[in-house]
Amino acid sequence: MTTWQNGGGDRRRPPIPEEVSLVPADMLTAKIEYGFEQLTARSNGVLDGPSHVAMGRRAAAAIGYALGSEDEARMIEAYLNLWRVVHLPHVPPGSRGLNRAEFLHSLLTLANSTPTHRAATLGALAETFFALADADRDERVNREEYWAFQHGHFPEVPRTALAEAFDHLDTDGDGYLSREQFSSAIVEFWTSRDPDAPGNWFLGRPVYLGPSSDGETLQGTAATPAGRPARDDWPGVMEARVRS
Ligand SMILES: [Ca+2]
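Bear in mind that the values here come from a model prediction, so they are computed numbers and not experimental data. (Residues numbered from 1 in each chain as written. Predicted model: local features only at pLDDT ≥ 70, side-chain atom pairs only at ≥ 80, totals over all residues.)

Some thoughts on the UniProt feature "domain: EF-hand" (unreviewed entry) in the protein
(1) Moving on: Cross-referencing UniProt, the feature "domain: EF-hand" (unreviewed entry) maps to residues 157-192 in the present numbering.
(2) Moving on: Summarising residues 157-192: 67% helix, 0% strand, and an end-to-end C-alpha distance of 21 Å. (UniProt positions renumbered as here; feature names shortened; annotations may be inferred. Helix = DSSP H or I, 4+ residues; strand = E, 2+ residues; numbered from the N terminus.)

Here it is as structure tokens:
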């Protein structure tokens with residue numbers, strides 16, 4: 001039955017042309033939105049000062065820093081610094097925090113800025129995070145340290161996904177993330193449009209690649225989305241796009 005609600009009688013709507021397909025609007029947007037979902041999984045979809053304090057506490061606890069310790073305080077301060085430097089300038093007047101759209105705007109602005117600016121902001125924070133993630137201070141981040149650190153930000157991301165992330169970020173396969181590997185992973189995940197950037201695997205298999213059908217990993221395939229099943233559970237990044 002045709003009703004005014006389902007519009008089934010409207011024959012004027014043109015069919016979707018073949019050259020238009022449902023693919024991620026762009027891979028960077030997909031990464032940022034997925035990252036935001038994970039960052040705010042326990043703060044009702046809003047990123048604000050208190051949620052950064054909570055992240056710092058969680059990360060400190062996962063690494064094993066004692067409650068109320070100097071290490072915990074340093075971790076919380078690093079998160080608050082991230083909040084102040086990267087996000088606070090984008091918080092609308094009268095608002096306490098960033099919603100999904102505002103967060104996306106904040107990160108895309110950073111991504112579109114100069115490499116010098118990215119290095120001075122997110123790059124500098126990545127350096128700070130490296131020092132915090134490297135709990136045993138041997139100048140490298142091992143698998144356990146990586147999990148503990150990431151668990152603070154992304155408590156819902158499974159350990160298996162973070163193990164897969166680690167394997168991709170450890171580009172020389174020595175079992176550790178160097179300062180450079182760790183820092184570039186952070187900068188690449190949040191700002192890179194390079195489909196082959198190792199940092200795309202920061203949280204595990206990149207969301208824009210869709211689920212793996214046979215358990216094998218697919219690398220650097222963002223430019224060849226044809227035939228890949230579309231993800232329908234992140235509507236914010238799916239939109240019709242005419243292929244150029
Ligand atoms: Ca270490």
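Points about the environment of E77
(1) Moving on: Position of E77 relative to the elements: it lies in helix α3 (residues 70-87).
(2) Moving on: Owing to 15 C-beta atoms within 10 Å, E77 belongs among the partly exposed residues under this scheme. (Buried ≥ 20, exposed ≤ 12 C-beta atoms within 10 Å, placed from the backbone.)

Structural notes on helix α2 (residues 49-63)
(1) Moving on: An ideal rise of 1.5 Å per residue puts 21 Å on 15 residues; α2 measures up with 21 Å between its terminal C-alpha atoms.
(2) Moving on: Along α2, the positions that sit buried rather than exposed are S51, H52, M55, G56, A59, A60 and I63.
(3) Moving on: Next to the buried residues of α2 lie β2 (47-48), α3 and α6 (143-153).
(4) Moving on: Among the residues trailing α2, G64 stands out with phi positive, at a value near 110 degrees. (Expected span 1.5 Å × (residues − 1). Contact = placed C-beta atoms within 7 Å.)

Here's the deal with the nonpolar core
(1) Moving on: Residues M75, A133, Y146 and A165 are the most contacted members of the largest nonpolar core, which totals 49 residues.
(2) Moving on: Looking at this core, the elements that each hand over two or more residues are α1 (27-39), α2, α3, α4 (100-111), α5 (115-133), α6, α7 (159-169) and α8 (179-191).
(3) Moving on: Beyond its immediate chain neighbours, meaning those up to four positions away, Y146 contacts A133, V141, L162, F166 and L177. (Core = buried A, V, L, I, M, F, W, Y, C linked by C-beta atoms within 7 Å.)

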